[in-house]
Amino acid sequence: MAGRQRTDRRPDTARTDAGADRNARYTLTSLLAALVPVSLARRAISVTVTPDRTVYDRGDPVEFTVTFRNRLPVAVAVPTPHQRRWGWTVAGELEASDERRYMRSQPSVFRFDGGERKRITVTWNGRFERTADRHEFVVPDPGEYELRAFVATREGRYQPSDTASIRIR
């Protein structure tokens, strides 16, 4: 039934991507989340980066899991200045690329229910994307590299994040 709207719903209860009614967004937990100060909400979110292993051969894909957790028993909402709610880097490069990212400047919100965990598995292809002269993928030199995941809060604000080291041989 993906892509089709059910006809047994009232028009004012259109479904969101998460499958919940938009009107249900304003539940008691959402109202409580609005009472949690943004500075506390940012600090309530913990981030953990866990690679599937710590040593990789050059050019091998690197799979890692990013876990976001709301440490509070109440819902929180963390505002983000753009549509990006979270991101990851390898050696400081966003998504292991030097390509400029054009993000809609429309703000967004990263929402969590009380105690909620969100787990995302990411696979980096093991190469850095270069776009300066011609578009190419470069195999990194052997060495230590840092994976980082973060909540995309406004610059200059506390940004929940975590890092993990991997070695490429």
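K.L.:
Residues and numbers for the sheet that holds strand β5 (residues 86–90), please.
P.N.:
Strand order in this open sheet of five strands is β2-β12-β11-β5-β6, and the pairing throughout is mixed. Every interior strand has two partners, whereas the edge strands, β2 (55–56) and β6 (93–94), have only one. Bridging between β2 and strand β12 (residues 161–168) involves two bridges; their strand directions are parallel. Following the sheet pairing, tyrosine 56 is matched in β12 by isoleucine 168.

K.L.:
Describe unusual backbone geometry, and please don't skip the residues or the numbers.
P.N.:
With a phi close to 50°, glutamate 95 is a non-glycine residue in the positive phi region. Along the chain, glutamate 95 falls in the loop between β6 and β7 (108–112). The phi angle at alanine 96 is positive, at roughly 55°, despite the residue not being glycine.

K.L.:
Account for the environment of valine 122, naming residues and giving values.
P.N.:
Within the element layout of this structure, valine 122 appears in strand β8 (residues 117–124). Taking the C-alpha atoms as reference points, valine 122 and tryptophan 88, 34 residues apart in sequence, are found 9.0 Å from one another. For valine 122, the residues in contact, after removing those within four places along its chain, are Val62, Glu63, Phe64, Val66, Trp86 and Trp88.

K.L.:
I'd like a description of the confidence of the model for the chain, backed by residues and values.
P.N.:
The predicted structure's coordinates, where accompanied by low pLDDT, should not be read in detail. The predicted model of the chain averages 82 in pLDDT, with 76% of residues at 70 or higher. Within the chain, the element-level pLDDT minimum falls on helix α1 (residues 28–35), averaging 61, and the maximum on strand β1 (residues 45–51), averaging 98. Overall, residues 1–20 carries pLDDT values under 50, and its contacts beyond four positions in sequence, including any with other chains, amount to 15 contacts.

K.L.:
Outline the pattern of salt bridges, listing residues and values.
P.N.:
Applying the stated criterion across every chain yields a total of six salt bridges. Put simply, glutamate 95 and arginine 84 hold a salt bridge, and the shortest N to O gap is 3.2 Å. In this pair, glutamate 95 is assigned in the loop between β6 and β7 and arginine 84 in the loop between β4 (76–80) and β5, connecting sequence segments eleven residues apart. Judged by its relative accessible area of 28%, glutamate 95 falls in the partly exposed class.

K.L.:
Any details on the packing of aromatic side chains? Residues and values, ideally.
P.N.:
One pass over the structure, following the stated rule, counts six aromatic pairs. Seen from their ring centres, phenylalanine 68 and phenylalanine 110 are 5.3 Å apart, and the 75° between their planes marks the pair as edge-to-face. Here phenylalanine 68 is found in strand β3 (residues 62–70), whereas its partner phenylalanine 110 is found in strand β7, with 42 residues between them in sequence. Ring geometry for phenylalanine 110 and phenylalanine 112: centres 4.7 Å apart, planes at 55°, overall tilted. A relative accessible area of 1% means that phenylalanine 112 is categorised as buried. Ring pairing ties together the aromatic residues Phe68, Trp86, Phe110 and Phe112, which thus form one cluster. Over the aromatic face of tyrosine 158 sits the side chain of arginine 43, whose NZ or CZ is 4.7 Å from the ring centroid. Positioned above the aromatic ring of phenylalanine 112 is the side chain of lysine 118, whose terminal nitrogen or guanidinium carbon lies 4.9 Å from the ring centre.

Criteria and cut-off values
- Residues numbered from 1 in each chain as written.
- Predicted model: local features only at pLDDT ≥ 70, side-chain atom pairs only at ≥ 80, totals over all residues.
- Heavy atoms only, no water.
- Pairing = 2+ DSSP bridges.
- Helix = DSSP H or I, 4+ residues; strand = E, 2+ residues; numbered from the N terminus.
- Contact = heavy atoms within 4.5 Å.
- pLDDT = per-residue confidence, 0-100.
- Salt bridge = Lys/Arg side-chain N within 4 Å of Asp/Glu carboxyl O.
- Buried < 20%, exposed > 50% of the residue type's maximum accessible area, 1.4 Å probe, protein only.
- Phe/Tyr/Trp six-rings, centres within 6.5 Å; stacked < 30°, edge-to-face > 60°.
- Lys NZ or Arg CZ within 6 Å of the ring centre and 35° of its normal.

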